[in-house]
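One-letter residues, chain by chain:
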Amino acid sequence: MKQLIIAERFFLTIHVISTLFGLAGLLIVLPNPQIIANLPAFGQTVFGWSMAGGGVAYIVFGAIAVALYAYRTLGLWATATFMIPAVFLSLGSELLGTSTGFPFGHYQYLSGLGYKIGGLVPFTIPLSWFYMGLTCYLLARTGFKVVVGSSWFRHWAALAMSAILLTAWDLVLDPAMSQAPVKFWEFQEVGEFFGMPYRNLIGWMGTAAVFMSVGAILWRRVPIVLSRPQLTLPLIVYLTNFVFGAAITVFSLDARFLFPVSLSIALGVIPACVFWWTAGGPTLPTVKDLPSEPASVDSPPSDIPRTPAEILAK
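In this text, all values refer to a predicted model and were calculated from it rather than measured experimentally.

### Quick notes on the nonpolar core
Part 1: Among the nonpolar cores identified, the biggest contains 83 residues, and Phe82, Phe130, Tyr131, Leu165, Leu166, Trp219 and Tyr238 are the most heavily contacted of them.
Part 2: Top element by residues in this core is helix α6 (residues 152-178). It accounts for 12 residues.
Part 3: The contact partners of Leu165, leaving out residues within four places of it in the chain, are Cys136, Leu139, Ala140, Tyr238, Leu267, Gly268, Pro271, Ala272 and Phe275.

This is the structure we're talking about:
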């Protein structure tokens, strides 16, 4: 367990550092070519490598950090049953979108985010859907106090809020990645909402809702109860990725884009922080490797506590 925590924190730290390093390159170094010209040959080589692979690195490190965190906190089964639908359903949605324009509008990925699956979608994109999707779902699920036996209203409210949190991130990510001087993708149609088609936002919410719903169904018997300390990593990941998009949008684009940034803060950052704060409580025991099916009602009774609540009651 100690080794897992060390690895998890290492990759989280590298994720944050690579994000900040990428911001410095995009906002400070590239707009001032004299900085690059004054670097020694080794420095120019390192900067070239960082600009070529920085977009891939920060996404991969983020995905590894969240996957390790999920494995340690939720267990292998819960991690896999969220990751697999998230990766494959989001990839399918992205392949459909880049091929037909549905559900995000007509767009295409440029270079900078790694190898493109089918020549259309960088392999890092479904990884970002996974780690940001799980981050949003855990924050919202905890915020709405969803546990085994909760009402359907709580489940649906958590799913809806998760999709909103993820889409709120896109309000700063899309302008930063498609309209700033250095682009990673571009829309092939005029967008009504600050350069983004409205259906892009609907597509984000829909894609998020689909793969999160699959995860929620597979988790219906999983007793997940997370405290504030256990939600700190998801909150750091969410805020780090928000800052990346928001900083580029604010400093590279004109003042009109302060509106989507403000909207992203209101719909994403503030609720995420509130969910983290209201979780409260001590650090609870983790849930590890739960079976995919609940125990039979005919199973003999056991004195072994099965949920965090039962453990605390002991």
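Read on for the rest.
### Thoughts on the environment of Pro197
Part 1: Structurally, Pro197 is set in the loop between β4 (185-187) and α7 (198-218).
Part 2: Judged by relative accessible area, which is 1%, Pro197 ranks as buried.

### Section: a nonpolar patch on the surface
Part 1: A surface patch of nonpolar side chains, amounting to about 300 Å² of accessible area, comprises Val250, Phe251 and Leu258.
Part 2: Relative to the elements of secondary structure, Val250 occurs in helix α8 (residues 232-252).

### Here's the deal with the UniProt feature "transmembrane region" (unreviewed entry) in the protein chain
Part 1: Following the UniProt record, one finds the feature "transmembrane region" (unreviewed entry) at residues 12-31, 46-69, 76-97, 117-140, 152-172, 201-219, 231-251 and 257-278.
Part 2: The span residues 117-140 shows a helical share of 71% and a strand share of 12%, and its end C-alpha atoms are spaced 31 Å apart.
Part 3: Between the end C-alpha atoms of residues 231-251 the distance is 30 Å, and the span holds 95% helix and 0% strand.

### Some points on helix α5 (residues 124-143)
Spacing of three or four residues puts side chains on the same side of an α-helix, whose turn is 3.6 residues.
Part 1: In this model α5 runs 28 Å from its N-terminal to its C-terminal C-alpha over 20 residues, within 8% of the 28 Å that 1.5 Å per residue would give.
Part 2: Counting buried residues along α5, 19 of its 20 residues qualify, which places the element largely inside the surrounding structure.
Part 3: Positive phi shows up at Lys145, right after α5, with a value of about 55°.

### Section: unusual backbone geometry
Part 1: At the junction of Phe102 and Pro103, the peptide bond is cis and its omega measures out at 10° in the coordinates.
Part 2: With phi around 55°, Lys145 is a residue other than glycine that occupies positive phi space.
Part 3: Inspection of the secondary structure puts Lys145 in the loop between α5 and α6.

### Some thoughts on the packing of helix α3 (residues 41-74) against α5
Part 1: Two numbers describe how α3 lies on α5: the axes approach to 9 Å, and their chain directions differ by 45°. Judged by the inter-axis angle, α3 sits oblique to α5. The two elements α3 and α5 cross, and the hand of that crossing is left-handed. Mapping the contact onto sequence places Val56, Tyr58, Ile59, Val60, Gly62, Ala63, Val66, Ala67, Tyr69, Ala70 and Leu74 in α3 and Thr124, Leu127, Ser128, Phe130, Tyr131, Leu134, Thr135 and Leu138 in α5.
Part 2: A per-class count over the contact of α3 with α5 returns 15 nonpolar, 4 polar and no charged.

Calculation rules
Residues numbered from 1 in each chain as written. Predicted model: local features only at pLDDT ≥ 70, side-chain atom pairs only at ≥ 80, totals over all residues. Heavy atoms only, no water. Core = buried A, V, L, I, M, F, W, Y, C linked by side-chain atoms within 4.5 Å. Buried < 20%, exposed > 50% of the residue type's maximum accessible area, 1.4 Å probe, protein only. Helix = DSSP H or I, 4+ residues; strand = E, 2+ residues; numbered from the N terminus. Contact = heavy atoms within 4.5 Å. Patch = residues over 30% accessible without salt bridge, like charges linked within 9 Å, V, L, I, M, F, W, Y side chains within 5 Å. Areas by Shrake-Rupley, 256 points an atom, 1.4 Å probe, with all protein chains shown as cover. Salt bridge = Lys/Arg side-chain N within 4 Å of Asp/Glu carboxyl O. UniProt positions renumbered as here; feature names shortened; annotations may be inferred. Expected span 1.5 Å × (residues − 1). Axes fitted to C-alpha atoms, helices over the stretch in contact; angles between N-to-C directions. Parallel < 35°, antiparallel > 145°, perpendicular 65-115°, else oblique. Left-handed = near helix turned anticlockwise from the far one by under 90°. Nonpolar A, V, L, I, M, F, W, Y, C, P; charged D, E, K, R; others polar.

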